[in-house]
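Below, each chain spelled out in residue letters.
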Amino acid sequence: MSATPEIIADDVVVTIDYTLRNSGGQVLDSSSGDEPLTYLHGHQNIVPGLEAALTGKRKGDTVKIAVPPEEGYGPRDPAGVRALSRDTFPPEADVRPGVQFVAELEDGEHIALWIVGVDDEHVHVDMNHPLAGETLHFEVEVVELRQANANELTHGHPHGRDGSDDHHHHHH
Ligand code: ZN
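Everything quoted here is computed from the prediction, not taken from an experiment.

Give me the overall build of the chain: which residues, what numbers.
Within the chain, the secondary structure is distributed over two helices and nine strands. Seen through its principal axes, the chain has C-alpha atoms that stretch 60 × 35 × 30 Å. Each of the 172 residues in the chain was classed as buried or not, and the buried ones make up 34%. Looking at the chain alone, contacts between residues at least 24 apart form 60% of all its contacts between residues at least 6 apart.

Here's what the structure looks like:
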């Protein structure tokens, strides 16, 4: 077994408690009352601005940071909103606002889309992440650090807080 890492660096599995607010102070997401978040540092599991702010931190450290859109979910692109014909989707598909799905483009590239509206003929989708254009206000406490195992490094994400969780695990 490798020693427990002292500081957050690439290939360290990090567990954090966090609260995310928008610029208006509204809580968008929080691990409070829920499981803390476990991610693999240096593998783009979290937005770049937060990842950079956590580099070099230790267990027990707290970080308060405002992440601009460019280092968060990107600026909002107005051209990202499209109307697709309703019959693009299979009849049994769960088509309602807020649902995310992955579409395959003609060149084989996969992109994430969010449904923002539905009418009789069209499904309106947005290629922008719902938090695109937002400055993200994070308050984070570093809960735990451990070295990633070989499997996790191959996959580019952690397998649970202790590295043993291979169960509810899907691959893209
Ligand atoms: Zn995996």
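Account for the sheet that holds strand 7 (residues 110–118), with residues named and values stated.
Taken in spatial order, the four strands make up an open sheet running 5-8-7-6, and their pairing is antiparallel. Only two strands of the sheet have a single neighbouring strand rather than two, namely strand 5 (81–85) and strand 6 (100–104). Taking the axes of each pair of neighbouring strands and ignoring which way they run, one obtains an average angle of 45° across the sheet. Examined bridge by bridge, strand 6 and strand 7 share five bridges and lie antiparallel to one another. Residue pairing across strands places valine 102 opposite alanine 112, the latter belonging to strand 7.

Can you break down the environment of methionine 127 residue by residue, with the values?
Take methionine 127: it is sitting in the loop between strand 8 (122–126) and strand 9 (136–147). Owing to a relative accessible area of 32%, methionine 127 belongs among the partly exposed residues under this scheme. Not counting chain neighbours up to four residues away, the residues in contact with methionine 127 comprise Gly80, Arg82, Ile111, Ala112, Leu113 and Trp114.

Give a description of the pairing of strand 7 that names residues and reports values.
Linking strand 6 back to strand 7 in an antiparallel pair, the connection comprises five residues, with glycine 108 at a positive phi of about 90°. Looking at chain direction, strand 7 and strand 8 are connected through four bridges and run antiparallel. If you follow isoleucine 115 over to strand 8, its bridge partner there is valine 125. Connecting strand 7 to the antiparallel partner strand 8 that follows it, the hairpin turn spans three residues.

I'd love a proper account of the side chain of serine 31, names of residues and values included.
Secondary-structure assignment places serine 31 in the loop between strand 2 (27–30) and strand 3 (37–40). A residue is classified by how much of its surface remains accessible, and serine 31, at 3% relative accessible area, is buried. Not counting residues up to four positions away in its chain, the partners in contact with serine 31 are Ile16, Asp17, Tyr18, Pro36 and Leu37.

Mind laying out the nonpolar core, listing which residues take part and the relevant values?
Val14, Leu54, Phe138 and Val140 are the most contacted members of the largest nonpolar core, which has 20 residues in total. Breaking this core down by element, the ones donating at least two residues are strand 1 (12–21), helix 1 (48–54), strand 4 (62–67) and strand 9. Sequence-distant contacts of valine 14, defined by excluding residues within four places in its chain, comprise Ile8, Leu37, Thr38, Tyr39, His41, Val142, Glu144 and Leu145. Core analysis: the next-biggest nonpolar cluster, separate from the first, contains 10 residues, Val95, Ile115, Val123 and Val125 among them.

About the cut-offs
- Residues numbered from 1 in each chain as written.
- Predicted model: local features only at pLDDT ≥ 70, side-chain atom pairs only at ≥ 80, totals over all residues.
- Heavy atoms only, no water.
- Helix = DSSP H or I, 4+ residues; strand = E, 2+ residues; numbered from the N terminus.
- Buried < 20%, exposed > 50% of the residue type's maximum accessible area, 1.4 Å probe, protein only.
- Contact = heavy atoms within 4.5 Å.
- Pairing = 2+ DSSP bridges.
- Axes fitted to C-alpha atoms, helices over the stretch in contact; angles between N-to-C directions.
- Core = buried A, V, L, I, M, F, W, Y, C linked by side-chain atoms within 4.5 Å.

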